[in-house]
Amino acid sequence: HELVLATSNKGKVAELEGLLKPLGWQVKPQSQWNFAEAEETGLTFVENAILKARHAAQHTGLPALADDSGLAVAALQGAPGIYSARYAGPGCTDQDNINKLLSALKDTPEAERHASFHCVLAYLRHASDPTPIICHGRWDGIIAAAPRGEQGFGYDPIFWLPDRHCTAAQLSTEQKQQLSHRGKALRQFVAQLQASL
Ligand code: ITT
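Residues numbered from 1 in each chain as written. Predicted model: local features only at pLDDT ≥ 70, side-chain atom pairs only at ≥ 80, totals over all residues.

**Here we look at the site of the ligand**
Point 1. Taken together, 21 residues are adjacent to the ligand, and Thr7, Asn9, Ser84, Ala85 and Gly154 come closest.
Point 2. Per element, the largest residue contribution to the shell around the ligand is five residues, and it comes from strand S3 (residues 64-73).
Point 3. Of the residues belonging to the shell around the ligand, the class tally is five nonpolar, 10 polar and six charged. (Near = placed C-beta within 6 Å. Helix = DSSP H or I, 4+ residues; strand = E, 2+ residues; numbered from the N terminus. Nonpolar A, V, L, I, M, F, W, Y, C, P; charged D, E, K, R; others polar.)

Shown next as structure tokens:
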């Protein structure tokens, strides 16, 4: 099975490849081609995932899998949500986003710091596929008071897992894959695709 991974986020590429390559699938990162990124004009993870997968399928002629994901913080009415990558502004780093979120929550007590990661995967067999496979995974946690851990990417250092007494950035790749929004969505995707073949 051959597909293009419609993302330019290296953290996502590592996690998506980690599960798909061992299945013997030929996974090609979108960076092998030279097209400009899709414009993420949707207002939901689902819309943006479909836009990115369709754009990559159009430019490569291959089936495409896109991941639109982000962090929804209850005390911020679901922000940063679909804007998680650019929360602190265009061109910002993961560290800028973490700093902005910690300062937005500086007066919020631990009991009110609930958050959830969401990952929507969209798979289009070709650019005009009318029945894409859409999978959604969710992961619940607490926004920590300060960053901890070096693994993962994005908001992982401040995503505290009360059951495990650590942040997402203190988990191994394998442990994160078992628990995470992306791991859950990916396992659903693999099952649905295999059932549809
Ligand atoms: P592509 O659109 O090229 O895939 P992106 O990083 O711009 O890359 P999104 O718009 O989907 O992708 O933004 C997702 C952001 O949500 C990501 O940049 C992180 O800040 C955050 N995020 C998603 N999954 C995460 C995870 O597993 N751990 C930590 N942060 C995550």
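**Thoughts on the sheet that holds S3**
The strands making up a sheet are joined through hydrogen bonds of the backbone, oriented either antiparallel or parallel.
Point 1. The seven strands lie next to each other as S2-S1-S3-S4-S5-S6-S7, forming an open sheet whose pairing is mixed. Only two strands of the sheet have a single neighbouring strand rather than two, namely strand S2 (26-29) and strand S7 (166-167).
Point 2. Across the sheet, helix H1 (residues 10-20) lies against strand S1 (2-5), S2 and S3, angled at about 170° from S2, the strand it touches most. (Pairing = 2+ DSSP bridges. Contact = placed C-beta atoms within 7 Å. Axes fitted to C-alpha atoms, helices over the stretch in contact; angles between N-to-C directions.)

**Details of the UniProt feature "binding site: Mg(2+)" (unreviewed entry) in the chain**
Point 1. Following the UniProt record, the feature "binding site: Mg(2+)" (unreviewed entry) maps to Glu39 and Asp68 here. For this annotated set, covering 30 residues, all C-alpha atoms fall within 12.4 Å of each other, a compact arrangement in space.
Point 2. Inspection of the secondary structure assignment puts Asp68 in strand S3.
Point 3. Exposure remark for Asp68: the 27 C-beta atoms within 10 Å place this residue in the buried category.
Point 4. When neighbours within four sequence positions are excluded, Asp68 is seen to be in contact with Phe45, Asn48, Ala49, Lys52 and Val120. (UniProt positions renumbered as here; feature names shortened; annotations may be inferred. Buried ≥ 20, exposed ≤ 12 C-beta atoms within 10 Å, placed from the backbone.)

**Overview of H1**
Point 1. Buried within H1 are the following residues: Lys12, Glu15, Leu16 and Leu20. For H1, the angular spread of the buried residues around the axis is 125°, confining them to a single face. For H1, the exposed residues set more than 90 degrees away from the buried face come down to Lys10 and Ala14.
Point 2. Here the buried face of H1 lies against S1, S2, S3, helix H4 (173-179) and helix H5 (181-196). (Arc of directions from axis to C-beta.)

**A look at the pairing of S1**
Point 1. As defined by bridge partners, S1 adjoins S2 across four bridges and the pair is classed as parallel. In the strand pairing of S2, Val4 is matched with Lys28.
Point 2. Between the parallel pair S1 and S2, the chain is carried across by H1, and the sense of this crossover is right-handed.
Point 3. Where S1 and S3 come together, two bridges link them in parallel fashion. Paired with Val4 across the bridge in S3 is Ala64. (Right-handed = clockwise from strand over helix to strand, strands pointing away.)

**Points about the environment of Ser8**
Point 1. The residue Ser8 is located in the loop between S1 and H1 in this model.
Point 2. Classification of Ser8 as exposed rests on a count of 12 C-beta atoms within 10 Å.
Point 3. C-alpha of Ser8 to C-alpha of Ala79: the two residues are 71 residues apart in sequence and 22 Å apart in space.
Point 4. When near neighbours in sequence (up to four residues on either side) are disregarded, Ser8 contacts Gln30, Ser31 and Glu37.

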